[in-house]
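# Residue-level structure breakdown
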Amino acid sequence: MHLWDALIQGLLIGGRYTVTGLGLMLIFGVLRLVNLAHGEFVLIGGYLAYVVCGHTSLDPLLALPVVALLAAAGGWALHRGLLSRLTASGPDAPVVATFGIALLLQAAFSGLAGNDAKTLPASYADSGMSLLGVRVQTAYVIVFAVGAVCTAAVWWAIHHTRWGMAVRASGRDPVVVGAVGIDVRALHATVFALATGLAAIGGVMVGISSSFNPSAGASYLVFGFAVVVLGGLGNVSGMFFAALGVGVLQAMATEVIGGEYRDLLVYLLLLLLLAFRPQGLMGKVVRA
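What this report covers is the structure whose coordinates are included nearby. Small disclaimer: the values here were computed from a predicted structure and weren't measured.

## A word on the overall build of the protein
Scanning the protein from N- to C-terminus turns up eleven helices and two strands. Going residue by residue from the N terminus, the α and β elements of the protein occur as α-α-α-α-β-β-α-α-α-α-α-α-α. Taking 2.2 N^0.38 as the reference for a compact globule, 288 residues should give roughly 19 Å; the C-alpha atoms of the protein span a radius of gyration of 19 Å, in line with that estimate. With the C-alpha coordinates aligned to their principal axes, the bounding extent of the protein is approximately 55 × 50 × 35 Å. Long-range pairs, those at least 24 residues apart, make up 77% of the contacts in the protein between residues at least 6 apart in sequence. On the protein, roughly 12,900 Å² of surface is accessible, and the fraction owed to carbon and sulfur atoms is 69%.

## Thoughts on the packing of aromatic side chains
Per the stated rule, a full pass over the model turns up seven aromatic pairs. On the basis of an interplanar angle of 5 degrees and a centroid distance of 5.0 Å, the ring pair of Tyr17 and Phe223 is categorised as stacked. With Tyr17 in helix 1 (residues 3–29) and Phe223 in helix 9 (residues 217–231), the pair connects residues that are 206 residues apart, well separated along the chain. By the burial criterion, Tyr17 is buried, and Phe223 matches it. Ring centres of Phe41 and Phe192 lie 6.0 Å apart, and the angle between their planes is 85 degrees; on these two criteria the pair is classed as edge-to-face. On the criterion of sequence distance, the pair formed by Phe41 in helix 2 (residues 38–56) and Phe192 in helix 8 (residues 184–209) is long-range, its members being 151 residues apart. Aromatic ring contacts, followed pair by pair, group Tyr47, Phe109 and Phe212 into a single cluster. A cation sits over an aromatic face here: Lys118 above Tyr50, 5.8 Å from the ring centre.

## Observations concerning the side chain of His188
Structurally, the position occupied by His188 is in helix 8. There is a polar contact of 3.3 Å between the side chain of His188 and the side chain of Ser170. Non-local contacts of His188, meaning those with residues more than four positions away in its chain, are made with Leu31, His79 and Ser170.

## Some points on the side chain of Thr18
The residue Thr18 is located in helix 1 in this model. When residues no more than four places from it in sequence are discounted, the contact partners of Thr18 are Gly147, Thr151, Met239, Phe240, Ala243 and Leu244.

## Regarding the environment of Asp92
For Asp92, the position within the fold is in helix 4 (residues 92–113). Taking relative accessible area as the criterion, Asp92 reaches 59% and is therefore assigned exposed. It is 9.4 Å that separates the C-alpha atoms of Asp92 and Leu33, two residues lying 59 residues apart in sequence.

## What to know about the state of the cysteines
Counted according to the given criterion, the structure contains zero disulfides. With no disulfide of its own, Cys53 lies 17 Å from the sulfur of Cys150, the closest cysteine sulfur. A relative accessible area of 5% places Cys53 in the buried class.

## Looking at helix 4
Here helix 4 contains 22 residues, and its C-alpha end-to-end distance of 32 Å stays within 8% of the 32 Å for a straight helix at 1.5 Å per residue. The set of residues buried in helix 4 consists of Pro94, Ala97, Thr98, Ile101, Ala102, Leu105 and Phe109. Here the buried residues of helix 4 occupy an arc of 150 degrees about the axis, which is enough to place them on one side. Exposed and oriented more than 90 degrees from the buried face of helix 4 are Asp92, Val96, Leu104, Ala107 and Gly111. Buried residues belonging to helix 4 abut helix 2 and helix 3 (60–87). Gly114 lies just past helix 4 and shows a positive phi near 85 degrees.

Calculation rules
- Residues numbered from 1 in each chain as written.
- Predicted model: local features only at pLDDT ≥ 70, side-chain atom pairs only at ≥ 80, totals over all residues.
- Heavy atoms only, no water.
- Helix = DSSP H or I, 4+ residues; strand = E, 2+ residues; numbered from the N terminus.
- Rg over C-alpha atoms; globule rule 2.2 N^0.38 Å.
- Contact = heavy atoms within 4.5 Å.
- Areas by Shrake-Rupley, 256 points an atom, 1.4 Å probe, with all protein chains shown as cover.
- Phe/Tyr/Trp six-rings, centres within 6.5 Å; stacked < 30°, edge-to-face > 60°.
- Buried < 20%, exposed > 50% of the residue type's maximum accessible area, 1.4 Å probe, protein only.
- Lys NZ or Arg CZ within 6 Å of the ring centre and 35° of its normal.
- Polar contact = N/O pair within 3.5 Å; in protein donor to acceptor, adjacent residues only side chain to side chain.
- Disulfide = S-S within 2.5 Å.
- Expected span 1.5 Å × (residues − 1).
- Arc of directions from axis to C-beta.

What follows is the structure, encoded as structure tokens:
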């Protein structure tokens, strides 16, 4: 594989990091909640799609709205019923709760679906196409497109709607937002629901482009935090370009020094950034 091939492949891999990290960006960047169950929320999308497609023979892309809505409803209920109550006790309690939720979901996945790797059946899962002179998997092109659309939709909602204005304000000072009559608890529940739905979409994209198993959530959590921190907390466009950069870095590392070091380079970059530019490559915040 030449460097041009690695660049194109890396961008497509970055598209998957975009769609699996977007929900974490909302929760971590806006709600300031360290959600240790994010990787399992991604897997929820994969397993829900596996069940829906298995019982209805739907294409995973057609099942996507159903999966996203089911996951979002569960996320809303989880935040309203548990996490928002724990937030009043301080920042540590919700983090511990999400860790417990992650362990619970891992056990549920393993008990209900077994430990074997699962994939989502799709006619395009193993097909290929030519993109800028490079032979790539069709599924990765679809994943990149879905990630780009989701990122653009979230960016527009955050920056060009009244809801987004309230979300940005609550990220800066929830007390002031509550003082002007906005139900911050309900607002944050909708953000958490949206983030959970986006994570589930990421799980479906994982299922059509590779495989997943009950223990795979940790990798999506780690790389999710990597792209969120690299892009800047709450910075939607920054997260998108950081995800593409991580994908390209991995592909280039595989080409130049071997695949066994590709993840190590990402971790080193993250540590260096935290040490010398903790606000991320493209700033921080949820900006107006």
